[in-house]
Amino acid sequence: MRLFEAIIDANHRAVAGDASAGLHPAEFADALPVVALTCIDPRLNAFFPNALALPAEEFIWLRNAGNTITGPLSSTMRSLALACAVKGGREIAIIGHSDCQVCKTTTLMLLEKLKAIGVERSRLPDNVNEFFGMFGSERQNVIKACDFTRNSPLIGPNIPVHGLLIEVETGKLEWIVNGYETKPLLPLKEVQARVTDMMESLGAFKDFAMGEMKFPEMKIGEAATTSKPAGMAVPPVPPASAAGAVEQVIGQVVSFAEKNWPKPPIRVQPSTLPPVKKPVKAPLPPPIRPRNLRRD
Ligand SMILES: [Zn+2]
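As the structure is a computational prediction, the values presented were derived from the model and not from experiment. (Residues numbered from 1 in each chain as written. Predicted model: local features only at pLDDT ≥ 70, side-chain atom pairs only at ≥ 80, totals over all residues.)

Asks: I'd like to hear about the overall build of the chain, residue by residue, with values.
Replies: Regarding its fold elements, the chain presents nine helices and five strands. For the chain, the proportion of its 296 residues judged to be buried stands at 28%. The contacts of the chain with a sequence gap of at least 6 include a subset with a gap of at least 24, amounting to 73%. (Helix = DSSP H or I, 4+ residues; strand = E, 2+ residues; numbered from the N terminus. Buried ≥ 20, exposed ≤ 12 C-beta atoms within 10 Å, placed from the backbone. Contact = placed C-beta atoms within 7 Å.)

Printed below as a string of structure tokens:
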């Protein structure tokens, strides 16, 4: 079981009333500490890191209004990157929450509230909505933040980026973006280089004109043998027909992509990890403080 699988399991059991629910942090030493971004809402204060069943020293807590990330090089991304690079964060969690006021505040309401505290419209940026990062759905906002983070050049490809929502009345977590399953995107240049390599290996088709539906004289097997990049499989039998040739090219492309496309990041390299300690007997710490934190 991986860290966030254990966290969700412990959280759900605790919310259901299981007093023994929790996890042994030492069992997940290679995935800790966790870097978490949450909203500034004070109702979250009592929930973290308890809702994740993590000890405070394994929890790096970033907060901003609406747990919003505005771009792959934003200020919050800078903090996430440094939390991983300098403070050793191994997994990232973007955690939104129910009843988020950033979500419920319209631009007009915001302008009125700002005016009430002496901030005039004329002194604000033109695009107030965009500048303050207002959003219409807590869930979509978390997914968007995960996308920005996963594709940021500042975040290492082996750092899982999770998206969660926490229910502010119960502390129950919902796991909406599984960072263990998300594949990193390749940089555009890398994609172009690989496509160029692949097309060069299919040099026999350079004269192929789609409009005329005519194939060159050379057979695919011969071409692949003369200009084969490392890892490219040589078709064993030349195709007997144009349709067969196309099928074979598609097969080569798929085979090449399967061999060269990066695998999803799961863990950091074991050789760089500290030795895993034996888990302590008692669950640490109590996972949830079952208090109703709603403000009347
Ligand atoms: Zn909020």
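Asks: Give me the lowdown on the nonpolar core, citing residues and values where you can.
Replies: In this structure, Ile7, Val34, Val35, Leu80 and Ile166 are the most contacted members of the largest nonpolar core, which totals 49 residues. If you list the elements that add at least two residues to this core, you get helix H1 (3–15), strand S1 (34–38), helix H2 (75–85), strand S3 (91–97), helix H6 (138–150), strand S4 (161–166) and strand S5 (173–177). The contact partners of Val35, leaving out residues within four places of it in the chain, are Ile60, Leu62, Leu80, Ala83, Cys84, Gly89 and Ile92. (Core = buried A, V, L, I, M, F, W, Y, C linked by C-beta atoms within 7 Å.)

Asks: Kindly report on H1, identifying the contributing residues and their values.
Replies: The end-to-end C-alpha distance of H1, which contains 13 residues, comes to 18 Å, matching closely the 18 Å that a straight helix rising 1.5 Å per residue would cover. Taken residue by residue, H1 has Leu3, Phe4, Ile7, Ile8, Ala10, Asn11 and Ala14 as its buried positions. End-on, the buried residues of H1 take up no more than an arc of 165°, which puts them together on one face. Looking at the buried positions of H1, the neighbouring elements they touch are S3, S4 and S5. (Expected span 1.5 Å × (residues − 1). Arc of directions from axis to C-beta.)

Asks: Which residues make up the pairing of S1, and what values do they have?
Replies: With five of its five residues buried, S1 lies for the most part within the structure. Across five bridges, S1 lies against S3 in parallel orientation. Directly across from Val34, in S3, lies its bridge partner Glu91. (Pairing = 2+ DSSP bridges.)

Asks: Please provide a residue-by-residue account of the sheet that holds S1, values included.
Replies: In space, the five strands of this open sheet follow the order S2-S1-S3-S4-S5, with mixed pairing throughout. Every other strand in the sheet has two partners, leaving strand S2 (59–63) and S5 as the edge strands with one partner each. The sheet shows a mean angle of 25° between the axes of neighbouring strands, direction not considered. Sheet strands touched by H1: S3, S4 and S5. Its angle to S5, the strand with the most contacts, is close to 150°. (Axes fitted to C-alpha atoms, helices over the stretch in contact; angles between N-to-C directions.)

Asks: So what's going on with the environment of Ala53? Residues and values would help.
Replies: The residue Ala53 is located in the loop between S1 and S2 in this model. Taking the C-alpha atoms as reference points, Ala53 and Ala10, separated by 43 residues in sequence, lie 7.3 Å from one another.

Asks: Please set out unusual backbone geometry residue by residue, giving values where relevant.
Replies: Across the junction of Leu32 and Pro33, the peptide omega takes the value 5°, indicating a cis bond. In this model, Phe48 is joined to Pro49 through a cis peptide bond whose omega is 0°. Counting through the fold element by element, Pro49 comes out in the loop between S1 and S2. At Ala53, a position not held by glycine, the phi torsion is positive, near 60°. We classify Ala53 as buried; it has 25 C-beta atoms within 10 Å.

Asks: I'd love a proper account of the confidence of the model for the chain, names of residues and values included.
Replies: Summing up the model confidence of the chain, the mean pLDDT is 77 and the portion of residues at 70 or higher is 61%. This stretch, residues 278–284, has a pLDDT under 50; its non-local contacts, to residues over four places away or in other chains, come to 14 contacts. (pLDDT = per-residue confidence, 0-100.)

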